[in-house]
Amino acid sequence: MSRKITIFDTTLRDGEQSPGASMTVEQKVEMAEALDRLGVDRIEAGFPVSSPVQFDAVKRIGAAVKKATVVGLARCRKGDIDAVRDSLAECSNRMIHVFIATSPLHMEHKLRMSEEEVLVSITEHVTYARKQGFDLVEFSPEDASRTEWDFLVKALRTAVDAGANTLNIPDTVGYATPEEYGQQMANLKKAIPELGDTVLLSTHCHNDLGLAVANSLAAVGAGANQVEVTLNGIGERAGNAALEELVMALRVRKDYWDVETNIRTEYLYPTSRLLQSITGLIIPRNKPIFGDNVFSHESGIHQHGVIKKRETYEIMDPVKIGRSRESLVMGRHSGKHALKQKLEQYNIGLTPEQMDALYEKFIVIADKKKEVNDEDLFTLVSGVLGELPSGWRLESFQTWTGNNVIPSASVRMTRGKEVRQGTEAGDGPIDAVFKSIDECSGIPGRLTEYVIQAVGRGKDAQGQVKLQVDFGGVIADGKASSTDIIEASALAYVNALNRMELMDTNREKASL
Ligand code: KIV
Ligand code: ZN
């Protein structure tokens, strides 16, 4: 049987500490539930002594999480340990994470403590944590990768003797290299025989040099059996080791690592999307595993290969991480093959002559636009066939808002020759626009995700809106940009509506 790697998720503690990532208590609870569903083994819920809000968040997460162990962070101070104890008093599956810095730089300039004093503090506080009823105590020597070797071993030995049963080795400033960090783990296993046996050996890597995942993997190779990670790699400065990258590296290369985790990979992408929509921290298009581009193929050669056999250019199946398989991006490098395949996804079959005519028009558009989207494609197909009903178009909209009026909106939409008008009030102008669009289409939608991001700088920056709408059980994504964020939101909503109708039409055709 393969060795089990414990996934310790610190998205809600180290991740939330990063600028722009802060969440409300309710949002943290929602994220914790999603992480629990994802299958992480341990959830670090926060640093309860730091504020009443943090305390409340840890408490509520402790009550909400069903399977994972809930962890609270404490410095080597009794007040911190008391706060973890009190916030998790009603949580049966709980753990405490106690830390103190051990590198010369931190001890001298931050703590102003000698090595001897640090050792005394470790014994005192790990012992105190055990006495507060914590069976699971993790100890971290902060800045371990810049700590002198002999002192690191002494600090860890002291923690184990005082009752710690997980030793976490933070590369706090992302300074280590994979070879060094892996070697440090292997040496620690020799120096502290309980490691890997009664005591878990854990990694905690920051990404300042882009090595967090590589360092964590090197440590797993050297015998570490817990990894501390954050979803989307959020965290202090350049972030922490990304959960999804680490888990998928272990999964895709199981032949190499021969380890397993409890992660239910099909929940990865939806959980990442939830985090992005809660924090507004949107990942780049080329971010491994989750980026918009990572399962998209535009060049003719790659599209041809993927159509013949997906594995030619994809090392993992997008469906297994909760993404869809809609991977062909239509652009100037796309060939006729890909265009045909794209149309087949929508059950549109063309004769060879129609296909030639369509391809000619497609190339003209593709030369002008970065990406030919589904709406463009359908307009082209209607031109060729002269019969395909076009999707909804937003012709115009107006909104009324202010601090003394009920926000409302009026929209005018067309679909082929049909013209409709809708006017509704809402919680804000965007909500009013969405409701007015629903009135026009006659299909009520429930917004399940909404993320807005500025693209570019200054006055000309575009607001890019990505959203997800539940239209009576059919979930559709929509995306649009404009310098006006209300317009970007309205266009993204119409985009989702059109996609939903296409998905629905196909489902009907498929079931005929
Ligand atoms: O990076 C770090 O050293 C930490 C500790 C609190 C474990 O986050
Ligand atoms: Zn950290």
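Each chain carries its own residue numbering, running from 1 in the written order of its sequence. Each chain takes a letter, starting from A, and each ligand takes a number, starting from 1, following the order in which they are written. Local features in a predicted model are, by the rule used here, given only for residues with pLDDT of at least 70; side-chain atom pairs are given and counted only at 80 or more, and totals for whole chains, interfaces and linings are based on all residues. For the side-chain quantities, the full set of heavy atoms in the structure was used; hydrogens and water were omitted.

Let's talk about the sheet that holds strand β7 (residues 166-171)
Argument step 1. Note: two strands are recorded as paired if DSSP finds a minimum of 2 bridges between them. Secondary structure elements follow DSSP: runs of H or I no shorter than four residues count as helices, runs of E no shorter than two count as strands, and numbering proceeds from the N terminus. Ordered by their spatial adjacency, 8 strands build a closed barrel running β2-β3-β4-β5-β6-β7-β8-β9, and the pairing between neighbours is parallel. Across the sheet, the mean angle from the axis of one strand to that of its neighbour is 25°, orientation sign disregarded.
Argument step 2. Bridge count for β7 against strand β8 (residues 200-205) is 6 bridges, and the pairing is parallel. Bridged to Pro170 within β8 is His204.
Argument step 3. Whether two residues are in contact is decided by their heavy atoms: any pair within 4.5 Å suffices. Axis definition: a line fitted to C-alpha atoms, limited for helices to the stretch in contact. Angles are taken between N-to-C directions and run from 0 to 180 degrees. Those strands touched by helix α2 (residues 25-38) are β2 (6-9) and β3 (42-46), and its axis lies near 170° from that of β3.

Some points on the domain arrangement of the protein chain
Argument step 1. For the protein chain, the assigned domains read domain 1 (3-279), domain 2 (300-386) and domain 3 (393-511).
Argument step 2. Bear in mind that the domain bounds are from an automatic or database domain assignment. Its C-alpha centre places domain 1 at a distance of 41 Å from the equivalent point of domain 3.

With respect to the packing of aromatic side chains
Argument step 1. Here the aromatic set is Phe, Tyr and Trp, taking the six-membered ring for Trp, and pairing holds for ring centres within 6.5 Å; pairs whose planes are under 30 degrees apart are stacked, those over 60 apart are edge-to-face, and all others are tilted. All told, the structure shown has 5 aromatic pairs when counted by the stated rule.
Argument step 2. Summarising the aromatic geometry, the rings of Tyr269 and Phe290 are spaced 6.1 Å apart at their centres and angled 50° between planes, so their arrangement reads as tilted. On the criterion of sequence distance, the pair formed by Tyr269 in helix α12 (residues 268-279) and Phe290 in the loop between α12 and α13 (300-308) is long-range, its members being 21 residues apart.
Argument step 3. The buried category is assigned to Tyr269, whose relative accessible area is 13%. The rule is simple: take the accessible area with a 1.4 Å probe, protein chains only, and divide by the maximum for that residue type; under 20% is buried, over 50% is exposed, in between is partly exposed.

Some remarks on the pairing of β8
Argument step 1. Summarising burial for β8: 5 of the 6 residues are buried, a large majority.
Argument step 2. At this point the chain moves from β7, through helix α8 (residues 178-191), to the parallel β8, and the crossover so formed is right-handed.
Argument step 3. Bridge analysis of β8 against strand β9 (residues 226-229) gives 3 bridges, and the strand direction is parallel. Among the inter-strand pairings, Thr203 is bridged to a residue of β9, identified as Val227.
Argument step 4. A crossover links β8 with its parallel partner β9, the connecting element being helix α9 (residues 212-221), and its sense is right-handed. If the strands point away from the viewer and the path from the first strand over the helix to the second runs clockwise, then the crossover is right-handed.

Here we look at the site of ligand 1
Argument step 1. Around ligand 1, the surrounding shell consists of Arg13, Asp14, His97, Phe99, Ser140, Glu142, Pro170, Thr172, His204 and His206.
Argument step 2. Under this definition, polar contacts are N or O atom pairs within 3.5 Å; protein pairs additionally need one hydrogen-donor-capable and one acceptor-capable atom, and for neighbouring residues in sequence, both atoms have to be side-chain atoms. The separation between an oxygen atom of ligand 1 and a polar side-chain atom of Arg13 is 3.0 Å.
Argument step 3. Asp14 places a polar side-chain atom, nitrogen or oxygen, 3.1 Å from an oxygen atom of ligand 1.
Argument step 4. Methods summary: accessible areas were calculated by the Shrake-Rupley approach with a probe of 1.4 Å, and residue burial reflects only the protein chains presented. When the free accessible area of ligand 1 is taken as 260 Å², the share hidden by the protein chains comes to 95%.
Argument step 5. Space inside and on the surface of the protein is sampled on a 1 Å grid over the protein atoms alone, with a cavity defined as a set of points where a 1.4 Å probe fits but cannot get out and a pocket as an open set with protein on both sides within 12 Å along at least 5 of 7 lines; lining residues have an atom within 4 Å of a point. In this description, a molecule resides in a pocket or cavity if more than half of its atoms sit within 2 Å of the grid points defining it. When atom positions are compared with the pocket grids, ligand 1 is found to occupy the second largest pocket.
Argument step 6. Among the secondary structure elements, those contributing two or more residues to the shell around ligand 1 are α1 (11-15), β5 (94-101) and β6 (137-142).
Argument step 7. Gly falls in the polar group here, along with every residue not listed as nonpolar (Ala, Val, Leu, Ile, Met, Phe, Trp, Tyr, Cys, Pro) or charged (Asp, Glu, Lys, Arg). When its residues are assigned to classes, the shell around ligand 1 shows 2 nonpolar, 5 polar and 3 charged. A single heavy atom is enough: if one lies within 4 Å of a molecule or strand, its residue is considered near that molecule or strand.

Details of α2
Argument step 1. Here α2 contains 14 residues, and its C-alpha end-to-end distance of 20 Å stays within 8% of the 20 Å for a straight helix at 1.5 Å per residue.
Argument step 2. Residues of α2 that are buried: Val25, Lys28, Val29, Met31, Ala32, Ala34, Leu35, Asp36 and Leu38.
Argument step 3. Where α2 is buried, its residues meet β2, α1, β3, α3 (52-64), α10 (243-252) and α12. Expected span of a helix, by definition, is 1.5 Å for each gap between consecutive residues, and there is one gap fewer than residues.

Some words on helix α4 (residues 78-87)
Argument step 1. Among the residues of α4, Asp80, Ile81, Asp82, Ala83, Val84 and Ser87 are the ones counted as buried.
Argument step 2. In this structure, the buried side of α4 is in contact with α3, β4 (69-75), β5 and α6 (115-131).

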